[in-house]
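Tertiary structure, described
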Amino acid sequence: MASSSSSSSSSTMSALKLKAVSAANPNDTAKKAETVDLGNGSDVVFIQRLIPSEQSWNWFHYLDKHIPWTRPTIRVFGKSFLQPRDTCYVATSGLTQLSYSGYQPHAYSWDDYPPLKDILDAVHKALPGSSFNSLLLNRYKGGNDYVGWHADDEKLYGPTPEIASLSLGCDRDFVLKKKPCKKSRDGSDEPASKRLKKSGHDDQHTFRLKHGSLLVMRGYTQRDWIHSVPKRAKAEATRINLTFRRVF
């Protein structure tokens, strides 16, 4: 997964205010999924509370304590700097090696940390038909930890990757932004703002990722959009994010 910083965008912000879904049984994890159509074959599925709070905290504390977190040095635009969050990579044996921003993480096994298999099962149960075989964990230890604008468009994920992101701990904003330009059918560059007016879709969306929530990007989202978890001064506590993907 490549990441890069970006200057602030003048794009219209569209904060998605999704109504919380209640359930008679607080242990029921089959919560209603909200689907946001991004246009042109891209969409996002958002489940505000996939995992019950107590179970989410149990997993959070296990991961925070037992995962072999590392904060690697990466290269962006030819410059080296310390990645602004902790990370760990888990994958099924025999897959193509992950590499991003000049960094190639060691791939741990699912068996090394058994609760990860339980979390994977919960995600698969929520997303029938999905089949993830890799997991990138990120730990944000405060508001200064972040991930810059990027798209998970590496070839090893295929042309239309499904990427499921489970959040544990501190609430953080997740921002999606339309890529600035794309070749039109006649081969000329057409500004994103012009394309978006034609399609009727907003060019930026913000999701508030809460403890136990699941966000899924599908279709051509990685081709046409970039995303980030920006710095937030008031986000003082730790957030752990588990991002599930399928490597081909």
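A few points on the structure. (Residues numbered from 1 in each chain as written. Predicted model: local features only at pLDDT ≥ 70, side-chain atom pairs only at ≥ 80, totals over all residues. Heavy atoms only, no water.)

1. Some thoughts on unusual backbone geometry
- Here the phi dihedral of N40 falls at roughly 55 degrees; this positive angle occurs in a residue that is not glycine.
- Looking at the element boundaries, N40 is found in the loop between strand 2 (34–39) and strand 3 (42–47).
- Owing to a relative accessible area of 53%, N40 belongs among the exposed residues under this scheme.
- Even without glycine at this site, F77 takes up a positive phi of about 55 degrees.
- Relative to the elements of secondary structure, F77 occurs in the loop between strand 4 (73–76) and strand 5 (79–82). (Helix = DSSP H or I, 4+ residues; strand = E, 2+ residues; numbered from the N terminus. Buried < 20%, exposed > 50% of the residue type's maximum accessible area, 1.4 Å probe, protein only.)

2. Concerning the environment of S56
- Positionally, S56 belongs in helix 1 (residues 53–66).
- For S56, a relative accessible area of 0% gives the class buried.
- As a C-alpha pair, S56 and G169 span 113 residues in sequence and 8.1 Å in three-dimensional space.
- Setting aside chain neighbours within four positions, we find S56 in contact with I51, L168, H211 and G212. (Contact = heavy atoms within 4.5 Å.)

3. Focus on the packing of aromatic side chains
- The final tally for this structure, using the stated rule, is 5 aromatic pairs.
- Ring geometry for F46 versus F207: centroids 5.6 Å apart, planes at 70 degrees, classification edge-to-face. Of the two residues, F46 is situated in strand 3 and F207 in strand 14 (residues 204–209); the sequence distance between them amounts to 161 residues. Note on accessibility: F46 and F207 belong to one class, buried.
- Here W57 and F60 contribute two aromatic rings whose centre-to-centre distance is 5.3 Å and whose plane-to-plane angle is 80 degrees, an arrangement assigned as edge-to-face. Of the two residues, W57 and F60 are both situated in helix 1; the distance of 3 residues between them amounts to about one turn of the helix.
- Classification of W57 as partly exposed rests on a relative accessible area of 34%.
- Lying over the aromatic face of W149, K177 brings its terminal NZ or CZ to 4.1 Å of the ring centre.
- For the cation-ring pair, R223 lies above Y220, with the distance from its terminal atom to the ring centre recorded as 4.0 Å. (Phe/Tyr/Trp six-rings, centres within 6.5 Å; stacked < 30°, edge-to-face > 60°. Lys NZ or Arg CZ within 6 Å of the ring centre and 35° of its normal.)

4. Observations regarding helix 2 (residues 115–126)
- In this model, helix 2 (12 residues) spans 17 Å end to end at C-alpha, consistent with the 16 Å of a helix rising 1.5 Å per residue.
- P115, L116, I119, L120, A122 and V123 are the residues of helix 2 that are buried. Considered in projection along helix 2, the buried side chains sweep an arc of 160 degrees and stay on one side of the axis.
- Buried residues along helix 2 sit against helix 1, strand 6 (86–91), strand 8 (134–140), strand 10 (163–169), strand 15 (214–219) and strand 17 (239–245). (Expected span 1.5 Å × (residues − 1). Arc of directions from axis to C-beta.)

5. Some words on the environment of S99
- Tracing the backbone shows S99 in the loop between strand 6 and strand 7 (107–108).
- On the basis of relative accessibility, which here comes to 39%, the residue S99 falls in the partly exposed class.
- Separated by 55 residues in the primary sequence, S99 and E154 place their C-alpha atoms 9.0 Å from one another.

6. Considerations on the pairing of strand 5
- Bridging between strand 4 and strand 5 involves 4 bridges; their strand directions are antiparallel. Across the sheet, residue R75 finds its bridge partner in strand 5, namely S80.
- Counting the residues that bridge the hairpin from strand 4 to strand 5 gives 2 residues, and of these F77 lies at a positive phi of roughly 55 degrees. (Pairing = 2+ DSSP bridges.)

7. As for the sheet that holds strand 7
- Ordered by their spatial adjacency, 8 strands build an open sheet running 2-3-15-10-17-8-6-7, and the pairing between neighbours is mixed. The open sheet terminates on both sides in strands that have one partner only, identified here as strand 2 and strand 7.
- With 6 bridges joining them, strand 10 and strand 17 adopt antiparallel strand pairing. Following the sheet pairing, L166 is matched in strand 17 by L242.
- On top of the sheet, helix 1 reaches strand 8, strand 10 and strand 17; it is set at about 90 degrees to strand 10, its chief contact.
- Packed on one face of the sheet, helix 2 meets strand 3, strand 6, strand 8, strand 10, strand 15 and strand 17 and runs near 65 degrees to strand 17. (Axes fitted to C-alpha atoms, helices over the stretch in contact; angles between N-to-C directions.)

8. Regarding the packing of helix 1 against helix 2
- Interaxial distance between helix 1 and helix 2 falls to 11 Å at its minimum, and their mutual angle equals 140 degrees. Judged by the inter-axis angle, helix 1 sits oblique to helix 2. Pair helix 1 / helix 2 crosses with left-handed handedness. Across the interface between the two elements, W59, Y62 and L63 of helix 1 pack against P115, L116, D118, I119 and A122 of helix 2. (Parallel < 35°, antiparallel > 145°, perpendicular 65-115°, else oblique. Left-handed = near helix turned anticlockwise from the far one by under 90°.)

Remember, this is a structural readout, not a statement about activity or role.
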